[in-house]
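Analysis of the macromolecular model
Given next are the chains, with one letter for each unit.
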Amino acid sequence: MLDDPASASRPSASRRRFLAAAAGAGALAASGRGANAADGNPKNLPPNVPEWTRVLGDGVAVRPYGQPSKFEKHVVRRDVAWLTASPESSVSFTPLHELDGIITPSGLCFERHHAGIAEIDPADYGLMLHGLVDKPLMLTLDDLKRFPRVNRIHFLECAANSGMEWRGAQLNGCQYTHGMVHCVEYTGVPLRLLLQEAGLKTNAKWLLAEGADAAAMNRSIPLEKALDDCLVAYRMNGEMLRPEQGYPARLVVPGWEGNIWVKWLRRLKVGDQPWYTREETSKYTDLLASGRARKFTFEMDAKSVITSPSPQTPLRGKGFTVISGLAWSGRGKIKRVDVSLDGGRNWRAAKIDGLVLDKACVRFYAEHDWNGEELLLQSRAVDDTGYVQPTKAALREVRGINSIYHNNGIQTWRLLPSGEVENVEVS
Ligand code: MTE
Ligand code: CO
């Protein structure tokens with residue numbers, strides 16, 4: 001007999017649960033990670049019959065919309081309180097260190113709002129298309145869904161991702177240094193089809209996209225891009241967009257800075273020149289060392305980061321380990337990712353596993369038998385245009401240190417003999 005369920009000496013199920021939780025919490029405090037088998041109750045390990053095998057579980061539909069296991073409560077978006085003055089105009093970061101593969105679960109996609117989340121009743125939703133067109137349109141959500149549709153997997157990176165790191169290593173965790181990126185499958189209408197339906201005048205050159213949030217955030221987009229690969233998306237990862245991501249419709253602008261992916265999209269106006277809105281003059285321009293500002297940095301340059309090990313996911317012991325990370329490029333496909341263990345002196349090609357798509361994240365792995373010595377971990381993305389992700393020093397030579405946006409420099413993590421990981425820079 002494996003384990004006697006009737007045994008009186010055994011603590012009650014609820015007490016054992018508490019003990020397991022306490023052990024888990026201890027491990028969490030000590031290492032920053034959740035409980036593993038070694039921290040738990042050996043009575044639950046094979047060949048014993050664990051407590052969860054002795055009871056019937058919840059039936060179907062007890063949880064009409066599924067949630068992650070309660071043991072994954074730490075896998076959440078987080079913000080940095082001192083970064084912004086108010087939560088309505090702020091950012092929460094994707095927990096990249098807890099994820100694998102390339103798709104970001106919808107509930108973990110970072111959020112960036114300028115005036116909070118607009119709550120739009122889809123019955124009252126309308127998208128207006130006007131300006132230099134033959135036939136202005138007012139489209140309902142049902143109208144949008146009636147157009148031919150496509151599915152596309154793309155990354156979205158905020159131009160301000162890694163923006164706190166221009167003057168040196170700042171934030172201890174890839175969630176904070178690199179977590180303003182997500183990669184999602186979108187379903188929507190090619191913007192080209194909507195523009196064709198309206199009919200473009202011959203002098204049409206630019207498009208203004210405006211959101212329905214309290215910021216009425218708006219940006220100018222060259223018509224060439226709008227006619228190329230942009231979508232008006234209403235679904236992410238199969239289901240309707242989340243309110244945080246622009247429900248019921250947002251612009252998808254593959255490879256371009258996140259700011260231009262207007263959420264809660266309400267208006268598209270065709271014009272013959274850019275509008276020079278707040279978000280493309282006062283914000284989202286790049287102040288150079290010369291004191292001049294660069295405008296319209298639309299494309300996101302190739303970038304990568306090791307997500308594990310990283311400050312929030314330290315190593316728990318010597319031996320075989322899989323170094324894992326993400327890479328992406330706004331110019332096309334990732335061709336190669338290199339990994340260095342010695343701060344960029346020596347490089348080896350990482351293994352890319354899974355889909356390699358245009359303007360989407362790729363997942364890379366580098367296997368290493370760690371003997372407990374200090375390492376300086378780096379990754380370097382190369383895209384199919386031949387562009388190589390620069391070092392932070394090389395980037396600063398061109399850009400100075402006054403920028404906020406478009407920091408795609410190589411990240412360094414120092415792995416200490418204790419297994420802990422720190423955000424550092426190497427010169
Ligand atoms: N669209 C509207 N209407 N309002 C906003 O505040 N934020 C922009 C963009 N679109 C924003 C918006 C910025 S700066 C970014 S980085 C992305 O949305 C963030 O998209 P996400 O919240 O889905 O991650
Ligand atoms: Co942004």
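Every chain is numbered on its own, with residues counted from 1 as its sequence reads. Each chain gets a letter, beginning with A, and each ligand a number, beginning with 1, in the order they are written. Given that this is a predicted model, residues contribute local features only at a pLDDT of at least 70 and side-chain atom pairs are listed and counted only at 80 or more, while totals for whole chains, interfaces and linings are drawn from all residues. Note that water and hydrogens are dropped before the side-chain values are worked out from all heavy atoms of the structure.

Description of the overall build of the protein chain
Put simply, the test is: Secondary structure elements are defined from DSSP: runs of H or I of at least 4 residues count as helices, runs of E of at least 2 residues count as strands, and each element is numbered from the N terminus. With the radius of gyration taken over C-alpha atoms, the globule rule is written as 2.2 Å times the number of residues to the power 0.38. Note on classification: 1.4 Å probe, protein chains only; a residue is buried when its accessible area is under 20% of the maximum for its type, exposed when over 50%, partly exposed between these limits.
What the protein chain contains, in helices and strands, is six helices and 23 strands. Taken over C-alpha atoms, the radius of gyration comes to 24 Å for the protein chain, in line with the 22 Å a tight globule of 427 residues would show. Based on the C-alpha atoms only, the size of the protein chain along its principal axes is roughly 85 × 55 × 40 Å. Scored against the burial criterion, the 427 residues of the protein chain give a buried share of 51%.

A look at the domain arrangement of the protein chain
This is how it is decided: Domain start and end points were adopted from an automatic or database domain assignment. Throughout, a residue-residue contact means that at least one pair of heavy atoms, one from each residue, lies within 4.5 Å. Accessible area that two parts lose when put together, with a 1.4 Å probe and added across both, is what the buried area reports. Any Lys or Arg side-chain nitrogen located within 4 Å of an Asp or Glu carboxyl oxygen qualifies as a salt bridge. Lys, Arg, Asp and Glu make up the charged group, whereas Ala, Val, Leu, Ile, Met, Phe, Trp, Tyr, Cys and Pro make up the nonpolar group; the residues left over, Gly among them, are polar.
If you check the domain split of the protein chain, you get domain 1 (78-294) and domain 2 (303-424). One C-alpha centre belongs to domain 1, the other to domain 2, and the line joining them spans 26 Å. With 44 residues of domain 1 in contact, the opposing surface of domain 2 contributes 41 residues. Buried area between domain 1 and domain 2, summed over both chains or domains, comes out near 3600 Å², and the portion from carbon and sulfur atoms is 55%. Three residues, Ile102, Trp166 and His178, lead the burial of domain 1 against domain 2; their summed loss comes to 22% of the area buried on that side. Viewed at the interface, domain 2 and domain 1 are joined by four salt bridges. Those elements that place two or more of their residues in the side of domain 1 that touches domain 2 are strand 5 (150-157), helix 3 (174-178), strand 6 (181-190) and strand 13 (286-287). Top contributing element to the side of domain 1 that touches domain 2 by residue count: helix 3, with five residues. Grouping the constituent residues of the side of domain 1 that touches domain 2 by class yields 19 nonpolar, 15 polar and ten charged.

Observations regarding the sheet that holds strand 18 (residues 348-349)
We count it as follows: Any two strands with at least two DSSP bridges between them are considered paired.
Taken together, five strands build an open sheet; the order of strands is 18-17-21-22-23 and the sheet is antiparallel. Either end of the sheet is taken by a strand with one partner, and the two such strands are strand 18 and strand 23 (421-424). The pairing of strand 22 (residues 412-415) with strand 23 spans four bridges and is classified as antiparallel. Note that in strand 23 the partner of Thr412 across the bridge is Val424.

Here's the deal with the nonpolar core
For clarity, the threshold we go by: For this analysis, a nonpolar core means a set of buried residues of the types Ala, Val, Leu, Ile, Met, Phe, Trp, Tyr and Cys, connected via side-chain atoms within 4.5 Å.
One finds Leu144, Leu191 and Leu194 to be the most contacted residues of the largest nonpolar core, which totals 63 residues. The element contributing the most residues to this core is strand 9 (residues 231-236), with five residues. Excluding anything up to four places from it in sequence, Leu191 contacts Leu207, Ala226, Cys230, Leu231, Val232, Leu251 and Leu268. Counting residues in hydrophobic clusters, the runner-up holds 33 residues, among them Met300, Val337, Val362 and Ala381.

Looking at the pairing of strand 16 (residues 319-328)
Most of strand 16 sits inside the fold, with eight of its ten residues counted as buried. Two elements, strand 15 (residues 303-308) and strand 16, share five bridges in a ladder whose sense is antiparallel. Bridge assignment links Val305 to a residue of strand 16, and that residue is Leu326. As defined by bridge partners, strand 16 adjoins strand 20 (residues 362-370) across nine bridges and the pair is classed as antiparallel. Paired with Phe320 across the strands is Asp369, a residue of strand 20.

Some details on the site of ligand 1
Rules: Put simply, a residue is near a molecule or strand once any heavy atom of it comes within 4 Å of that molecule or strand. Any N or O atom pair separated by 3.5 Å or less is treated as a polar contact, with the protein-specific requirement of one donor-capable and one acceptor-capable atom, and with residues adjacent in sequence counted only for side-chain atom pairs. A 1.4 Å probe and the Shrake-Rupley method give the accessible areas. Residues count as covered only by the protein chains that appear here.
The environment of ligand 1 is formed by 21 residues, the closest being Phe110, His114, Asp213, Arg250 and Lys263. Note that an oxygen atom of ligand 1 is positioned 2.7 Å from one of the backbone N or O atoms of Phe110. In isolation ligand 1 exposes 540 Å². Once the protein is present, 100% of that is buried. Partitioning the shell around ligand 1 into residue classes produces eight nonpolar, seven polar and six charged.

Comments concerning the pattern of salt bridges
Tallying each qualifying case throughout the model produces 28 salt bridges. For Asp58, the salt bridge is made with Arg63, and the minimal N-O distance between the two is 2.9 Å. Among the ionic pairs, Arg414 bridges to Glu374, the shortest N-O distance being 3.3 Å. Of this pair, Arg414 sits in strand 22 while Glu374 is found in the loop between strand 20 and strand 21 (375-383), placing the two residues 40 residues apart along the sequence. With a relative accessible area of 27%, Arg414 lands in the partly exposed category. Through salt bridges with shared partners, one network takes in Lys225, Asp229, Asp358 and Lys359.

Looking at the packing of aromatic side chains
Basically, it comes down to this: Aromatic contacts are taken between Phe, Tyr and Trp rings whose centres are within 6.5 Å, Trp giving its six-membered ring; a plane angle under 30 degrees counts as stacked, one over 60 as edge-to-face, and the others as tilted. To sit over a ring, a charge needs its Lys NZ or Arg CZ within 6 Å of the ring centre and within 35 degrees of the ring normal.
Across all of its chains, the model carries eight aromatic pairs by this definition. Ring centres 5.8 Å apart and planes at 75° place the aromatic pair Phe93 and Tyr176 in the edge-to-face group. Of this pair, Phe93 sits in the loop between strand 1 (90-92) and strand 2 (111-113) while Tyr176 is found in helix 3, placing the two residues 83 residues apart along the sequence. With centroids separated by 5.7 Å and ring planes inclined at 25°, the aromatic side chains of Tyr276 and Phe296 adopt a geometry described as stacked. A residue pair is termed long-range when its members are at least 10 positions apart, and Tyr276 in the loop between strand 12 (265-271) and strand 13 and Phe296 in the loop between strand 14 (293-294) and strand 15 qualify at 20 residues. Its relative accessible area of 39% is what places Tyr276 among the partly exposed residues. Assessed through its relative accessible area of 16%, Phe296 is described here as buried. Ring pairing ties together the aromatic residues Trp206, Trp256, Tyr276, Phe296 and Phe298, which thus form one cluster. Sitting over the face of the ring of Tyr387, Arg331 holds its NZ or CZ atom 5.5 Å from the ring centroid. When the ring centre of Trp347 is taken as reference, the NZ or CZ atom of Arg380 above it lies at 4.1 Å.

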